[in-house]
Amino acid sequence: LDAFPKVEASQQSRSAGGGLATVLVSLLLTYLVWGEFHSYWVPISHHEFVVDHTVQHALLINFDITVAMTCQRLTVDSMDVSGSRNHFGERQIKKLPVPFSVGRATDLKAERTLHGLDEDEGGEEADIGELIRKARQFRSHIGSAGAPAQIGSGTDGCRVLGSVVVNKMVGSFHFTLMPQGLADLFMLPRGVNFTHRIDHFSFGVHYPGLVDPLANHFQLAPPAHLVAFHYLISVVPTTYVDAQGRALVTNQYAVKDYSKSWAEDPQARGGQPLGTPGLFFKYDMEPISVRVTETQQSLSRLLTRICAAVGGIFVCVGLIHRL
Ligand SMILES: *[C@@H]1O[C@H](CO)[C@@H](O)[C@H](O)[C@H]1NC(C)=O
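From a predicted model like this one, the values you see are computed outputs, not experimental measurements.

J.: Honestly, the pairing of strand 11 (residues 225–241) in this entry has me stumped. Any pointers?
T.: Residues in a regular strand project their side chains so that they alternate between the two faces of the sheet. Summarising burial for strand 11: 14 of the 17 residues are buried, a large majority. Strand direction decides the pairing type here: strand 11 and strand 12 (residues 247–263), joined by 17 bridges, are antiparallel. Note that in strand 12 the partner of Val 235 across the bridge is Tyr 253. Linkage of strand 11 to strand 12, two consecutive antiparallel strands, is achieved through a turn of 5 residues, within which Gly 245 is found at a positive phi near 85°. Of the strand pairs in this sheet, strand 11 and strand 13 (residues 278–285) are connected by 8 bridges, and their pairing is parallel. Each residue of the ladder has a partner; that of Ile 233, found in strand 13, is Tyr 283.

Structure follows, in structure tokens:
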């Protein structure tokens, strides 16, 4: 059984034009069929914005952060507008002593400069040529001699990771120095260094396509300085509905950051009062929630569309050929 009509070889005539047409038609068909497969494999996501109706009292924070300081020094706590304070101990989080290095992370400052958003430029409109020039510089900087990867390699560090539950309201989640008694009021212990690398930071459960803007970033505390790193986070409640219609209630976030630093030496500080060095993640909830709905084409629809594309091309090319 042969389903395809064949033309006897003696009846065929080959021409350069015909050959070219065959090649062009094949390319066109490949392109169209590939496009159909692509839209079949890659689900289409649809975004909607609605006022957040969900009544939830808890917010899950997942993190994996390495600080260039020994674990005994660090304490992890949270505090919110209702006045409730939480200390996270051994049961909720893990503290692992590791050597600190920035690894493959990028410097948040350098990236900010790349986007033309450095403090020095204070909201001036960045000109596009300037941005491109900076992007090039940044890339060659990253490429040169593997410099950033060397920062802090070998110094003592502490990797803190875990998932903690806090109240779903304005609050702060922070890494600060373990209070060591009255001595702290007058003199800070040596080796305070809040240089840190963030490997993961998220609110709620992960879903495909969720972006973690802080992941793989580091920030450096300059030598002989105490720094408070602040991250101002807007948590956007998100409902993710997958192609099977299962809904997942989670969160995305947007983040701004600023830092404040003081010279370690009181003389150099010139009488300026000392703030609290540490890492502060201040979060706030957005009233608008995002609903992400994924839809996937059915297999029968894919087949129909492929048949239509292939058949249509054949008929059209046949017509043109006859003309
Ligand atoms: C903190 O540690 C990093 C990495 O070792 C180092 O580059 C930086 O100078 C240190 N800063 C302070 C204040 O000691």
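J.: How should I be thinking about unusual backbone geometry in this particular structure?
T.: Glycine aside, residues mostly have negative phi, and peptide bonds are mostly found in the trans state. Although it is not a glycine, Asn 216 adopts a positive phi angle of roughly 60°. Positive phi, normally seen in glycine, also occurs at Ala 224, with a value near 60°. Of note, Ala 224 is situated in the loop between strand 10 (217–219) and strand 11.

J.: Sorry if this is basic, but what is going on with empty space enclosed by the protein here?
T.: Left-over empty space is what a probe sized like a water molecule reveals as it rolls over the atoms. Tallied over the entire structure, the rule returns 1 cavity of 30 Å³ or more. Taken together, Asp 52, Thr 54, Gln 56, Lys 168, Pro 237, Thr 238, Thr 239, Val 249, Thr 250 and Asn 251 make up the lining of the largest cavity. Residue assignment for the lining of the largest cavity shows that the elements contributing at least two residues are strand 11 and strand 12. Classifying every residue of the lining of the largest cavity by side-chain character gives 2 nonpolar, 6 polar and 2 charged.

J.: What's the story with the sheet that holds strand 5 (residues 93–100) in this structure? I'm lost.
T.: Adjacent strands of a sheet form backbone hydrogen bonds with each other and so pair up, either parallel or antiparallel. Here 6 strands make up an open sheet; going across it, the order is 5-7-2-9-10-6 and the pairing mixed. This sheet does not close on itself; its edge strands, each paired only once, are strand 5 and strand 6 (106–107).

J.: Help me understand a nonpolar patch on the surface, please; the structure alone is not making it clear to me.
T.: On the surface, a cluster of nonpolar side chains totalling about 400 Å² of accessible area is made up of Leu 20, Val 23, Leu 24 and Leu 27. With respect to the element layout, Leu 24 can be found in helix 1 (residues 16–41).

J.: What should I look at first to understand helix 1 in this one?
T.: With 26 residues, helix 1 ought to run about 38 Å at 1.5 Å a step, and its terminal C-alpha atoms sit 37 Å apart, in line with that. Those residues of helix 1 that fall on the buried side of the exposure criterion are Val 25, Leu 29, Glu 36 and Tyr 40. Looking at the packing, one finds that the buried side of helix 1 touches helix 7 (299–322).

Calculation notes
Residues numbered from 1 in each chain as written. Predicted model: local features only at pLDDT ≥ 70, side-chain atom pairs only at ≥ 80, totals over all residues. Heavy atoms only, no water. Buried < 20%, exposed > 50% of the residue type's maximum accessible area, 1.4 Å probe, protein only. Helix = DSSP H or I, 4+ residues; strand = E, 2+ residues; numbered from the N terminus. Pairing = 2+ DSSP bridges. 1 Å grid on protein atoms, 1.4 Å probe; cavity = no way out; pocket = protein on both sides within 12 Å on 5 of 7 lines; lining within 4 Å. Points joined across faces, edges and corners; volume = space filled by probe spheres on them. Nonpolar A, V, L, I, M, F, W, Y, C, P; charged D, E, K, R; others polar. Patch = residues over 30% accessible without salt bridge, like charges linked within 9 Å, V, L, I, M, F, W, Y side chains within 5 Å. Areas by Shrake-Rupley, 256 points an atom, 1.4 Å probe, with all protein chains shown as cover. Salt bridge = Lys/Arg side-chain N within 4 Å of Asp/Glu carboxyl O. Expected span 1.5 Å × (residues − 1). Contact = heavy atoms within 4.5 Å.

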